[in-house]
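Now for the letters of each chain:
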Amino acid sequence: MKILMIGDVYSSVGREMLQKYLPNIVKEHHIDFVIANVENISHGKGVQHKHYEFMQELGVDVMTSGNHVFKNKGVFEYIDDVPNLLRPVNMGPYVPGVGTNVYTKNGKTIRVTNLIGRVFMDPADNPYQALEEIVAQNTAEIHVVDFHAEASAEKAAIAAYFDGQINALVGTHTHVQTADETILPKGTAFLTDLGMTGCYESIIGAEIEAVIKKERTGLPSRFEPAEGKGQLCGAVIEIGTNNQTLGIERIFLKE
Ligand SMILES: [Fe+2]
Ligand SMILES: [Fe+2]
């Protein structure tokens, strides 16, 4: 079983990158199951229903998200009706949607869990407590986690703590792919951040000039998605017949 996890899909350039290259990646790597983080899919923030449908049509099995998932109000109208769009499980008890679910594909049960970090992020419930509860109750054969967090140490620590209890933990949110993919000592695949699927010539997906203006002057500045050539970021997790993790291979495709 091969699971492809794709990093934050950002606006139209990110969607086009998937449309152009996903079918080939799936074919070449013999991918069974596709997970993509969609928190930035609609104009850089949020998940409009038409873009959820777009991903469904592309054959994406599960969509994870993060801090931007509710920035586009349209999502409130449908998130409770779709079992394959996750929001971070530890966002607190009062937000709609779910953060973990089990799916069946090619004869395997696969749990996907979406968590959010707490370092340099908005307040959230304890991600360790949330994942401990899920792991304790889990009956699925395979379990992979998207940990949406800013700080690399926070991601490495939680991966080390859950090593051997889950098949993989990969980070999202920074939009910058790290090169530290590894199998931890007890068998969990780990990568600090998958990176972004969107415009290459940008500041993490947004137009460069607007970000510079805000950083340099401190004045309010409206960030628009950058236009131009794209990149596609992700990783392939390989799972063996008795559900052990065999490997993790990073994907960075630049036009
Ligand atoms: Fe993001
Ligand atoms: Fe994020």
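Here's a quick rundown of the structure. It should be emphasised that the depicted structure is a prediction, and the values quoted were computed from it without experimental measurement.

When helices and strands are counted, the chain shows 5 helices and 12 strands. The C-alpha atoms of the chain give 17 Å as radius of gyration, which agrees with the globular expectation for 255 residues (18 Å, within 12%). Projected onto its principal axes, the C-alpha positions of the chain cover 55 × 40 × 35 Å.

Taken across its 10 residues, helix 5 (residues 208–217) has 0 buried, putting it largely on the surface. At the exit of helix 5 stands Gly218, carrying a positive phi of roughly 80 degrees.

Even without a glycine there, the phi angle at His43 is positive, about 55 degrees. Position of His43 relative to the elements: it lies in the loop between strand 2 (33–37) and helix 2 (49–58). Non-glycine residue Phe120 carries a positive phi angle of around 55 degrees. Position of Phe120 among the secondary structure elements: in the loop between strand 5 (108–116) and helix 3 (127–137).

Next up on the list: the sheet that holds strand 8 (residues 182–183). Two orientations exist for strands paired in a sheet by backbone hydrogen bonds: parallel and antiparallel. Spatially, 4-5-6-7-9-8 is the arrangement adopted by the 6 strands of the open sheet, whose pairing is mixed. Sheet topology places strand 4 (100–105) and strand 8 at the edges, where each strand pairs with a single neighbour. One ladder, built from 5 bridges, connects strand 6 (residues 142–148) with strand 7 (residues 168–172); its direction is parallel. Bridge assignment links Asp146 to a residue of strand 7, and that residue is Val170. Where helix 3 meets the sheet, it contacts strand 4, strand 5 and strand 6, and its direction lies at approximately 165 degrees from that of strand 5. Along the sheet, helix 4 (residues 152–161) contacts strand 6, strand 7 and strand 9 (189–191); its crossing angle with strand 7, the most-contacted strand, is approximately 170 degrees.

So, about the packing of helix 1 (residues 11–28) against helix 2. At their nearest, the axes of helix 1 and helix 2 sit 11 Å apart, and the two run at 10 degrees to each other. Put simply, helix 1 runs roughly parallel to helix 2. Residues Arg15, Leu18, Gln19 and Leu22 of helix 1 lie in contact with helix 2, whose contacting residues are His51, Phe54 and Leu58. Class assignment of the residues belonging to the contact of helix 1 with helix 2 gives a composition of 4 nonpolar, 2 polar and 1 charged.

Let us look at the nonpolar core. Leu169 and Ile237 are the most contacted members of the largest nonpolar core, which has 64 residues in total. Those residues in contact with Leu169 that sit more than four places away from it in its chain are Val145, Phe147, Ile158, Ala159, Phe162, Thr188 and Phe190.

Mapped onto the elements, Asn40 comes out in the loop between strand 2 and helix 2. Classification of Asn40 by C-beta neighbours within 10 Å gives buried; the count is 31. Here the alpha-carbon distance between Asn40 and Asp8, two residues 32 residues apart in the chain, equals 6.3 Å.

A separate point is the pairing of strand 5. Within strand 5, 7 of the 9 residues are buried, which leaves the element mostly enclosed by the surrounding structure. Strand direction decides the pairing type here: strand 4 and strand 5, joined by 6 bridges, are antiparallel. Of the residues in strand 5, the one forming a bridge with Lys105 is Lys108. Linking strand 4 back to strand 5 in an antiparallel pair, the connection comprises 2 residues, with Asn106 at a positive phi of about 45 degrees.

A few words now on helix 4. Regarding helix 4, the residues found buried are Lys155, Ile158 and Ala159. Taken around the axis of helix 4, the buried residues stretch over an arc of 105 degrees, which confines them to a single face.

Quick look at the environment of Arg216 now. Note on placement: Arg216 falls in helix 5. With 9 C-beta atoms packed within 10 Å, Arg216 lands in the exposed category.

Conventions used here
Residues numbered from 1 in each chain as written. Chains lettered and ligands numbered in written order. Predicted model: local features only at pLDDT ≥ 70, side-chain atom pairs only at ≥ 80, totals over all residues. Helix = DSSP H or I, 4+ residues; strand = E, 2+ residues; numbered from the N terminus. Rg over C-alpha atoms; globule rule 2.2 N^0.38 Å. Buried ≥ 20, exposed ≤ 12 C-beta atoms within 10 Å, placed from the backbone. Pairing = 2+ DSSP bridges. Contact = placed C-beta atoms within 7 Å. Axes fitted to C-alpha atoms, helices over the stretch in contact; angles between N-to-C directions. Parallel < 35°, antiparallel > 145°, perpendicular 65-115°, else oblique. Nonpolar A, V, L, I, M, F, W, Y, C, P; charged D, E, K, R; others polar. Core = buried A, V, L, I, M, F, W, Y, C linked by C-beta atoms within 7 Å. Arc of directions from axis to C-beta.

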